[in-house]
Amino acid sequence: MQVAVVTFDGFNELDSFIASALINRCRKDGLEAFITTPTPVVTSMNGVEVTGQRPMEFVTEASVVLIGSGVKTRHVVADDRLLSMLPLDPSRQLIGSQCSGALVLAHLGLLGGMPACTDMTSRPFVEACGVTVLDAPFYAEGNIATAGGCLASQYLATWVINRMLGQDAVRDVIGYVAPVGESQETVERAMRAVHAGEIALR
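In this text, all values refer to a predicted model and were calculated from it rather than measured experimentally. Position labels on residues start from 1 in each chain and follow its written sequence. Under the rules for a predicted model, residues below a pLDDT of 70 receive no local features and side-chain atom pairs below 80 are neither given nor counted, while totals for whole chains, interfaces and linings still include all residues. Here the side-chain values reflect all heavy atoms present in the structure, with hydrogen atoms and water set aside.

With respect to the packing of helix α7 (residues 167-177) against helix α8 (residues 183-197)
Lines fitted to C-alpha atoms define the axes here, with helix axes fitted over just the stretch in contact, and angles between the N-to-C directions of these axes take values from 0 to 180 degrees. Numbering of helices and strands runs from the N terminus; a helix is a DSSP stretch of H or I covering at least four residues, while a strand is a stretch of E covering at least two. For the pair α7 and α8, interaxial distance at closest approach is 9 Å and the crossing angle is 130°. The orientation of α7 with respect to α8, classified from their angle, is oblique. Regarding α7 and α8, the two cross each other, and that crossing is right-handed. Residue-level contacts link Gln167, Val170, Arg171, Ile174 and Gly175 of α7 to Ser183, Thr186, Val187, Ala190, Met191 and His195 of α8. Amino acids outside the nonpolar list (Ala, Val, Leu, Ile, Met, Phe, Trp, Tyr, Cys, Pro) and the charged list (Asp, Glu, Lys, Arg) are all regarded as polar, and Gly is one of them. Partitioned by chemical class, the residues of the contact of α7 with α8 number five nonpolar, five polar and one charged. Just so you know how the angles are binned, under 35 degrees is roughly parallel, over 145 roughly antiparallel, 65 to 115 roughly perpendicular, and the rest oblique. For any pair of crossing helices, the crossing counts as left-handed if the nearer helix is rotated counterclockwise from the farther one by less than a right angle, and right-handed if it is rotated clockwise. In this analysis, two residues are considered to be in contact whenever any of their non-hydrogen atoms come within 4.5 Å of each other.

Right under this line is the structure:
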């Protein structure tokens, strides 16, 4: 069970690293995340250089693909070459986006008529694609999920872990990283956010 955390140049560190770090706490159970990049090295919005762990071709192998956010997402969706590197298939993959990553899903035609979550800066650009943006941190329909706000990346990770391994794994991971003394309430908040935003497959 491999997860591609797609990370473009200009990426937001919180969006890519929180999701991958939480998911990688499940390595012992066979669930592992990899920073997946279109070039060998990408630079974050704050100047942090990161070497990708997997090339973009990895997205076709991954069971889960999460599209990270960043300050150059509008350049990404204007680049047909980059979009062509994302042949995603929701019939066999879990697909999620973080903040402006929803713009990528919209341009790939993956959102259809479903609403989405994104950050406030990206909202008008996502809406310009004909997508209804929710005032919520997380929303999912079937195998596609969107999260809005940097710290909502914990909800995206919670969704992945819950779908792949179940609630006990979520409790282990989120409970461990929660602020001391707030373990139970942090787990409950994460699960509540995911359940509130999730529509079961019909």
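So, the pattern of salt bridges
In what follows, salt bridge is the name for a side-chain nitrogen of Lys or Arg lying within 4 Å of a carboxyl oxygen of Asp or Glu. The tally for this structure, following the rule as stated, stands at six salt bridges. With a closest N to O distance of 3.1 Å, Arg27 and Glu32 form a salt bridge. Between buried and exposed lies partly exposed: a residue is buried under 20% and exposed over 50% of the maximum accessible area for its type, with that area taken using a 1.4 Å probe on protein chains only. Judged by its relative accessible area of 27%, Glu32 falls in the partly exposed class. Measuring nitrogen to oxygen at the nearest pair gives 3.6 Å for the salt bridge that ties Lys28 to Asp29.

What to know about the pairing of strand β9 (residues 144-147)
By the alternation rule, side chains of β9 split into Ile144 and Thr146 and Ala145 and Ala147, which are all buried. Note: two strands are recorded as paired if DSSP finds a minimum of 2 bridges between them. Direction of pairing for strand β7 (residues 94-98) relative to β9: parallel, over a ladder of four bridges. Its bridge partner lying in β9, Ile95 is registered against Ile144. Looking at chain direction, strand β8 (residues 138-141) and β9 are connected through four bridges and run antiparallel. Paired with Tyr139 across the strands is Thr146, a residue of β9. Taken together, β8 and the strand that follows it, β9, pair antiparallel across an intervening segment of two residues, in which Gly142 is found at a positive phi of about 60°.

Looking at empty space enclosed by the protein
Residues are said to line a cavity or pocket when one of their atoms sits within 4 Å of a point; the points come from a 1 Å grid over protein atoms alone, cavities being sets where a 1.4 Å probe fits but cannot get out and pockets being open sets with protein on both sides within 12 Å along at least five of seven lines. Grid points are joined across faces, edges and corners, and a volume is the space filled by probe spheres set on the points. In this structure the tally under the stated criterion is one cavity of 30 Å³ or more. In terms of lining residues, the largest cavity is bounded by Phe8, Asp9, Phe11, Gly68, Ser69, Gly70, Lys72, Thr73 and Val76. Here the residues of the lining of the largest cavity sort into three nonpolar, four polar and two charged.

A word on unusual backbone geometry
Among all residues except glycine, the phi angle is most often negative; among peptide bonds, the trans geometry is most common. Phi at Cys99 is positive, roughly 50°, even though this residue is not glycine. Here Cys99 lies in the loop between β7 and α4 (101-107).

Examining the layout of surface pockets
The space that makes up the largest pocket amounts to roughly 230 Å³. Lining of the largest pocket is provided by 17 residues; of these, Gly70, Val71, Ser100, Thr121 and Ser122 occupy positions nearest its centre. Class assignment of the residues belonging to the lining of the largest pocket gives a composition of six nonpolar, seven polar and four charged. Only α1 (13-23), α7 and α8 provide two or more residues apiece to the lining of the second largest pocket. Residue composition of the lining of the second largest pocket, grouped by class: seven nonpolar, two polar and one charged.

A look at helix α6 (residues 153-165)
Here a helix's expected span is defined as the number of its residues, less one, multiplied by 1.5 Å. Helix length check: α6, at 13 residues, gives a terminal C-alpha distance of 18 Å against a target of 18 Å (1.5 Å per residue), a fit within 8%. Here α6 lies mainly inside the structure; 10 of its 13 residues are buried. Looking at α6, one finds that the buried residues are Ser153, Gln154, Tyr155, Leu156, Ala157, Thr158, Trp159, Val160, Ile161 and Asn162. Phi for Gly166, located one or two positions after α6, is positive at around 100°.

Structural notes on the packing of α6 against α7
Running from amino to carboxyl end, α6 crosses α7 at an angle of 140°, the nearest separation of the two axes being 7 Å. The pairing of α6 with α7 is recorded here as oblique in orientation. Residue-level contacts link Thr158, Ile161, Asn162 and Leu165 of α6 to Gln167, Ala169, Val170, Val173 and Ile174 of α7. Of the residues assigned to the contact of α6 with α7, the class counts are six nonpolar, three polar and no charged.

Geometry only, nothing functional implied.
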